Every structure is written in structure tokens, then in C-alpha cells.
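The primary structure of each chain is shown beneath.
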Amino acid sequence: MKLTTTLMAVSALAISSTVALADGHAPLMIEDQLFVTETKAPAYLENLDEIFSGWVFRASETQSLQLDDFDNPGMIFVDKGIDLFAKVEGAEGKSCASCHDDVAEFAGLRAQMPRVVDGKLQAMEEIINNERVNKMGADPWGWNSSQMTAMTALISLQSRGMPVDVAIDGDAASFWDRGKELYYTRVGQLDMSCANCHEDNYDTMIRADHLSQGQINGFPTYRLKNAKLNSTHARFSGCMKNIRAKPYKAGSDEFKALEFYLASRGQGLSIESPSVRN
Ligand code: HEC
Ligand code: HEC
């Protein structure tokens, strides 16, 4: 019964049969650094043996934009992040740089995000807004604002090439369970879950798109479609709209749990932020 529904929904979206997964695809190498774009799936992923970065599924023209930082349009926004890091704002008359000499001190942070602090699941956007509000006396930025994505890109870049390494045990377990539940829950008029596309049908064509596993190791991502950096939550939102479901809000507990669970599905893949996707 359930299977029939999925197949119908899938055919409504014109998913075609398997196309060759970029056989022996070219390596992702940036400035002599080799990235892990394919590795063994963590044991808790019952339905996958291997995990792949979204990079693997992109056309070579899109891939090539990520091979060189001069060609990567996401880097323009990283430059904007550098300016914002040094910009004095708020009642305390401080910038990020007033207290943090070098953004490089955040190397490794992106690979561990989201994380649980004091029993709460924390996304990088929340760290940044806490810093702005509590240490600078400045207004928080919108989750998907251009300032926020520029800053998450700058901080994430410091971890580029490092393996995703999120901690999912201890008090993180309940958030992970929630994220997993959301990942497998069918929603929307098409009655589909994230898994129906990104686990059951990855490496197939859906309309003009080569379906990936929906990994988030490349976020924030520069998308050719909207010519800007996109947060994970903005991407989740787009996918939910495509299956005609009402998306959760950016920054909601649901999207944070989903982000956390997705991060755990990519353990060991290299952080690519800012990646380039279509
Ligand atoms: C008044 C000084 C001050 C300012 C201004 C400030 N920070 Fe911080 N920041 C700190 C201190 C101290 C810590 C470590 C202790 C803590 O988390 O409060 C910290 C922690 C952080 C962390 C977490 C690091 C980790 O590994 O957990 C990040 C990321 C960060 N700051 C980014 C920023 C950014 C981005 C800005 C500007 C929007 C900023 N900070 C502004 C003092 C400051
Ligand atoms: C109808 C199929 C479909 C469903 C269901 C779906 N997506 Fe997607 N998703 C896509 C397509 C198509 C793309 C663009 C090609 C790609 O990267 O897979 C995409 C891209 C993504 C990406 C970007 C991957 C990258 O490398 O940049 C993420 C993350 C993602 N989806 C997460 C989700 C989540 C979370 C859900 C469930 C809430 C979901 N998707 C549901 C079709 C779907």
C-alpha cells in the first residue's frame, strides 16, 4: 500500500531509471587538498552502504566552479563575511574582531555542528546571534539573511577539508531520534519523505536534476539557481515545497533536528563550504 503511494508520487515527479553515477568520477581537489566525497556509511544507516557528497552528482561545469576559489562564486560572500567580522555594531561598540583576533580560531567548529550545549541543540546561526546580542549588543540577523550566510560561510570555510564529526550520543540522542523521525515521515500532497528521494532514489534523474543523497557537508551552498548562498534550512524548505508540504520555519526545532540528523548521515565526508550546486 505504502509502496504504491511512493511509486505514484515518484512517477508524478518524473524520476527516471538509474543513470550512471559519475563512474570513477574526478576527485575534488582544491589547492592541492583532496576532499573525501565518498566513504563508507556510518553503521547506523541501515539502508546505505556508501555515502556521497552532493558534489559527485553535479555536472562537470558545476563541479569545475568549486575546484578553484577564484571561480567559486561563494567566495564573494566569504569576502563579505570578512568585512562583517570586522564591522563594529551594537551598543558595546565592538566587532567580532574586537575579541577574536583571527577567524581561523574557529577551525573544526563547522565539522561538529549542530551540537548539543546545556541540553539544547545549537546551530551555528544561533552561536552567531548569541555573540551579536550578548557580546556586541547588536540586533540578531535573520536565519537566511545575506549577512548570516556570509558569516556561516566564513566560519565554515575554516573547517574546509575536515571530516564531518558530529556527536550524536548522550544528551544528543533525543535530537537525533527526532531528526530521524522527520527524515522518514511522509509529508505534503505528494506524501513523500526525505528518504523517498535522497535514500531510495539517489543517483536517478528527477526532471533535469541528478538526485543526490541530500548531504549537508557543503553548506552554506552557492546555488546557480538563485545566485547566492543558501542555508541548510532554506534548502529543506525548497524540498518540502516541491513535495507540496508546508515547510517548517528556518531555525525551528524541526529543521534543527533534521539538520543534526543529516549531518550525522554524512560523518566522514569532507566539509566543502562554500560548495557550488545548481
Ligand atoms: C566581547 C567579546 C566578543 C565578541 C564581540 C564576540 N565574541 Fe565570539 N566569543 C567570545 C568568547 C569569550 C567566546 C568563548 C566563550 C563563550 O562561548 O562565551 C566566544 C565564542 C565564540 C564562538 C564559539 C567558539 C566555539 O568553539 O565554541 C564563535 C563561533 C564566536 N564566538 C564567533 C563570534 C562572532 C562571529 C562574533 C561577531 C558576530 C563574535 N564572536 C563576537 C567573545 C566575543
Ligand atoms: C521529490 C524528491 C525530493 C524530496 C522528497 C526531498 N528532496 Fe531534497 N532535493 C531534491 C532534489 C531534486 C535536489 C537537487 C539535487 C540534489 O542535490 O539531490 C535536492 C537537494 C537537497 C539538498 C542539497 C544537497 C547538496 O549537496 O547541496 C539537501 C540538503 C536536501 N535536498 C535535503 C532534503 C530534505 C531534508 C528533505 C526532506 C524534508 C528532502 N530533501 C526531500 C529532491 C527531493
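Higher on the page you've got the structure.
Heads up: these notes are all about the structure in this document. Going along each chain's sequence as written, the residues are numbered from 1 onward. Chains carry letters from A onward and ligands carry numbers from 1 onward, assigned in written order. It should be noted that, the model being predicted, local features are given only for residues of pLDDT at least 70 and side-chain atom pairs only at 80 or more, the latter also being counted only at that level, while totals for whole chains, interfaces and linings use all residues.

### Thoughts on the site of ligand 2
Move 1: As used in this record, a residue near a molecule or strand is one whose C-beta atom, placed from the backbone, is within 6 Å of it. In the vicinity of ligand 2 lie 25 residues, with Gly54, Cys194, Cys197, Ser212 and Cys239 positioned nearest.
Move 2: Secondary structure elements with two or more residues in the shell around ligand 2: α8 (194-198), α9 (232-242) and α10 (253-265).
Move 3: Elements are defined by DSSP. Helices are runs of H or I of four residues or more, strands are runs of E of two residues or more, and each kind is numbered from the N terminus. Counting residues per element, the shell around ligand 2 draws most heavily on α9, which supplies 5 residues.

### Considerations on the nonpolar core
Move 1: The term nonpolar core refers to a group of buried residues, namely Ala, Val, Leu, Ile, Met, Phe, Trp, Tyr and Cys, whose C-beta atoms join them within 7 Å. Put plainly, a residue is buried at 20 or more neighbouring C-beta atoms within 10 Å of its own, exposed at 12 or fewer, and partly exposed in between, counting only other residues' C-beta atoms, which are placed from the backbone. Judged by nonpolar contacts, the single largest core of 47 residues is most densely connected at Ala150, Ala153, Leu154, Ala257, Leu258 and Phe260.
Move 2: Contributing elements (two or more residues each) for this core: β5 (50-52), α3 (74-85), α6 (146-157), α7 (173-184), α9 and α10.
Move 3: We call two residues in contact whenever the C-beta atoms placed from their backbones are within 7 Å. Setting aside residues no more than four positions away along its own chain, Leu154 makes contact with Val78, Gly81, Ile82, Phe85 and Val103.

### Observations regarding the sheet that holds strand β11 (residues 228-230)
Move 1: With mixed pairing, the 3 strands of this open sheet are ordered in space as β11-β10-β12. Pairing within the sheet leaves two strands with one partner each, and these edge strands are β11 and β12 (275-277). Neighbour-to-neighbour, the strand axes of this sheet turn through a mean angle of 40°, independent of strand direction.
Move 2: Strands were regarded as paired on the criterion that DSSP finds at least two bridges between them. Pairing of strand β10 (residues 221-223) with β11 involves 3 bridges; the strand directions are antiparallel. Bridged to Arg223 within β11 is Lys228. Lines fitted to C-alpha atoms define the axes, with helix axes restricted to the stretch in contact, and inter-axis angles between N-to-C directions lie between 0 and 180 degrees.

### Concerning the site of ligand 1
Move 1: Near ligand 1, the surroundings consist of 15 residues, among which Lys94, Cys96, Cys99, Glu131 and Lys135 are the closest.
Move 2: Looking at the shell around ligand 1, the elements with two or more residues in it are α4 (96-99), α5 (124-136) and α6.
Move 3: Among the elements that line the shell around ligand 1, the one with the most residues is α5, at 6 residues.
Move 4: Residue type decides the class: Asp, Glu, Lys and Arg count as charged, Ala, Val, Leu, Ile, Met, Phe, Trp, Tyr, Cys and Pro as nonpolar, and the leftover types, Gly among them, as polar. Taken together, the residues of the shell around ligand 1 sort by class into 9 nonpolar, 2 polar and 4 charged.

### Re the packing of α7 against α10
Move 1: Two numbers describe how α7 lies on α10: the axes approach to 7 Å, and their chain directions differ by 95°. In terms of their interaxial angle, α7 and α10 are classed as roughly perpendicular. Along the contact surface, α7 presents Phe175, Trp176, Arg178, Gly179, Lys180, Leu182 and Tyr183, while α10 presents Glu254, Ala257, Leu258, Phe260, Tyr261 and Ser264.
Move 2: Of the residues that constitute the contact of α7 with α10, the class distribution is 8 nonpolar, 2 polar and 3 charged. Here the angle decides the label: under 35 degrees means roughly parallel, over 145 means roughly antiparallel, 65 to 115 means roughly perpendicular, and every other value means oblique.

### Side note on α7
Along an α-helix, a turn takes 3.6 residues, which lines up residues three or four apart on a common side.
Move 1: For a helix, the expected span equals 1.5 Å multiplied by the number of residues minus one. Its 12 residues give α7 an end-to-end C-alpha distance of 17 Å, which sits within 8% of 16 Å, the value for a rise of 1.5 Å per residue.
Move 2: Taken together, the buried positions of α7 are occupied by Phe175, Trp176, Gly179, Lys180 and Leu182. Taken around the axis of α7, the buried residues stretch over an arc of 160°, which confines them to a single face.
Move 3: The inward-facing, buried residues of α7 abut β6 (115-117), β7 (120-122) and α10. Read the arc as the range of directions from the helix axis to the C-beta atoms.

### Digging into the environment of Cys96
Move 1: For Cys96, the position within the fold is in helix α4.
Move 2: By C-beta crowding, Cys96 is classed as buried, having 22 other C-beta atoms within 10 Å.
Move 3: Considering only alpha carbons, one finds Cys96 and Leu211, 115 residues apart in sequence, at a separation of 38 Å.
Move 4: Those residues in contact with Cys96 that sit more than four places away from it in its chain are Phe85 and Glu131.

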